[in-house]
Amino acid sequence: MNKNYKSLELDKILEMLAQQTSFEDAKTLALSLEPSPYIFEVNELINETSDAHSLIARFGAPAFGNLHNINNSLRRAEAGAVLNPLVCFRMA
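So, a few notes on the structure that sits alongside this text.

1. Focus: the overall build of the protein
If you tally the helices and strands in the protein, you get six helices and zero strands. Going residue by residue from the N terminus, the α and β elements of the protein occur as α-α-α-α-α-α. For the protein, the C-alpha radius of gyration of 17 Å lies well beyond 12 Å, the compact-globule estimate for 92 residues. Along the first, second and third principal axes, the C-alpha set of the protein runs to 50 × 35 × 25 Å. Burial status across the protein gives 8% buried among its 92 residues. Of the contacts made within the protein by residues no fewer than 6 positions apart, 32% connect residues no fewer than 24 positions apart. Put simply, the protein shows about 8100 Å² of open surface, and 60% of that area lies on carbon and sulfur atoms. Each charge class in the protein can be summarised by its mean position, and for the 8 positive and 11 negative side chains these summaries are 7 Å apart.

Dropping the structure here:
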């Protein structure tokens, strides 16, 4: 990790974010986040965050508790297999 990120304790912040995830792939993505050096990208991401916050305040947060990785199912579908919704969206 970049020494500047260390001084900002980004690793600790990302770990706190990762602890809030309920899906292993999301945890991996959270731990791999890096700040953007591009002001336009930062502004766009801030706008997306603000929009998401507004939607959650207005309609409530969506539930993500029963997620699991469906990459293998998608690969099979790309190869011509038929997806079964019970397998892709199984309930825990």
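2. Examining the environment of Asn43
Here Asn43 lies in helix α4 (residues 39–59). A residue is classified by how much of its surface remains accessible, and Asn43, at 38% relative accessible area, is partly exposed.

3. Focus: the packing of helix α2 (residues 10–19) against helix α3 (residues 24–31)
Describing two packed helices takes the angle between their axes plus the distance from one axis to the other. The contact between α2 and α3 brings their axes to 8 Å, and the two run at 165°. Judged by the inter-axis angle, α2 sits roughly antiparallel to α3. Of the two possible hands of crossing, α2 and α3 adopt the one that is right-handed. Residues Leu14, Glu15, Leu17 and Ala18 of α2 touch α3, and the partners they reach there are Lys27, Ala30 and Leu31. Tallied by class, the residues present in the contact of α2 with α3 amount to five nonpolar, no polar and two charged.

4. Quick word on the layout of surface pockets
Put simply, the largest pocket is a space of about 340 Å³. Taken together, 14 residues make up the lining of the largest pocket; nearest its centre are Leu33, Glu34, Pro35, Ser36 and Leu45. The set of elements that each furnish at least two residues to the lining of the largest pocket consists of α2 and α4. Within the lining of the largest pocket, the residues separate by chemical class into 11 nonpolar, one polar and two charged.

5. Considerations on the pattern of salt bridges
With the rule as written, the count across this model stands at two salt bridges. When the shortest N-O distance is used, the salt bridge between Lys6 and Asp11 registers 3.2 Å. For Lys6, a relative accessible area of 47% translates into the label partly exposed. In this structure, Glu9 and Lys12 form a salt bridge, with 3.4 Å as the shortest nitrogen-oxygen distance.

Rules behind the numbers
- Residues numbered from 1 in each chain as written.
- Predicted model: local features only at pLDDT ≥ 70, side-chain atom pairs only at ≥ 80, totals over all residues.
- Heavy atoms only, no water.
- Helix = DSSP H or I, 4+ residues; strand = E, 2+ residues; numbered from the N terminus.
- Rg over C-alpha atoms; globule rule 2.2 N^0.38 Å.
- Buried < 20%, exposed > 50% of the residue type's maximum accessible area, 1.4 Å probe, protein only.
- Contact = heavy atoms within 4.5 Å.
- Areas by Shrake-Rupley, 256 points an atom, 1.4 Å probe, with all protein chains shown as cover.
- Lys, Arg positive; Asp, Glu negative; His and termini not counted.
- Charge placed at Lys NZ, Arg CZ, Asp CG, Glu CD.
- Axes fitted to C-alpha atoms, helices over the stretch in contact; angles between N-to-C directions.
- Parallel < 35°, antiparallel > 145°, perpendicular 65-115°, else oblique.
- Left-handed = near helix turned anticlockwise from the far one by under 90°.
- Nonpolar A, V, L, I, M, F, W, Y, C, P; charged D, E, K, R; others polar.
- 1 Å grid on protein atoms, 1.4 Å probe; cavity = no way out; pocket = protein on both sides within 12 Å on 5 of 7 lines; lining within 4 Å.
- Points joined across faces, edges and corners; volume = space filled by probe spheres on them.
- Salt bridge = Lys/Arg side-chain N within 4 Å of Asp/Glu carboxyl O.

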